[in-house]
Amino acid sequence: MSLQGETREKTRIKIRQPKHYRVIMHNDDFTSMEFVVEILIDIFHKESAEAERLMLLVHQSGKAAVGEYPYDIAVTKVQKAAARAKQEGFPFRMTVEEI
């Protein structure tokens, strides 16, 4: 039942997708190709063939994007990879950049 003179406000809620960030893997002369493939499979959940392709792209180009994620996820993946690289004695480097 509506009262005379009653006004209704329309409330609009904008839901925005979170910004995404690109994880960039950088080449170096010390980190083994096998280690890079392991990181891509274990941490970035790539299939074996895709991990091999990305590893070669990093090796040949000097760097390559290996995934796009919300900020927290991107940073967590980079931190996990860096911790494992440190354990293995590799100077492996990854960066996160806003898309």
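As a starting point, this report considers the structure included with it.

Scoring rules and cut-offs
Residues numbered from 1 in each chain as written. Predicted model: local features only at pLDDT ≥ 70, side-chain atom pairs only at ≥ 80, totals over all residues. Heavy atoms only, no water. Core = buried A, V, L, I, M, F, W, Y, C linked by side-chain atoms within 4.5 Å. Buried < 20%, exposed > 50% of the residue type's maximum accessible area, 1.4 Å probe, protein only. Helix = DSSP H or I, 4+ residues; strand = E, 2+ residues; numbered from the N terminus. Contact = heavy atoms within 4.5 Å. Pairing = 2+ DSSP bridges. Axes fitted to C-alpha atoms, helices over the stretch in contact; angles between N-to-C directions.

Some thoughts on the nonpolar core
In this structure, Met25, Leu40, Phe44, Phe92 and Met94 are the most contacted members of the largest nonpolar core, which totals 23 residues. For this core, the secondary-structure elements that each account for two or more residues are strand S1 (20-26), helix H1 (33-42), helix H2 (48-61), strand S2 (63-70) and helix H3 (71-88). The dominant element in this core, judged by the number of residues it contributes, is H1, at 5 residues. Setting aside chain neighbours within four positions, we find Met25 in contact with Val36, Ile39, Leu40, Val58, Gly62, Lys63, Ala64, Val66, Phe92, Arg93 and Met94.

Description of the sheet that holds S1
Taken in spatial order, the 3 strands of this open sheet run S2-S1-S3, and their pairing is antiparallel. Every interior strand has two partners, whereas the edge strands, S2 and strand S3 (93-98), have only one. The mean angle between the axes of side-by-side strands here comes to 25°, regardless of whether they run parallel or antiparallel. Relative to S3, S1 runs antiparallel, the two sharing 6 bridges. Residue pairing for S3: Ile24 is matched across the bridge by Thr95. The sheet contacts of H2 involve S1 and S2, and relative to S2 the element is tilted by about 130°. Lying over the sheet, H3 contacts S1, S2 and S3, oriented at roughly 130° with respect to S2.

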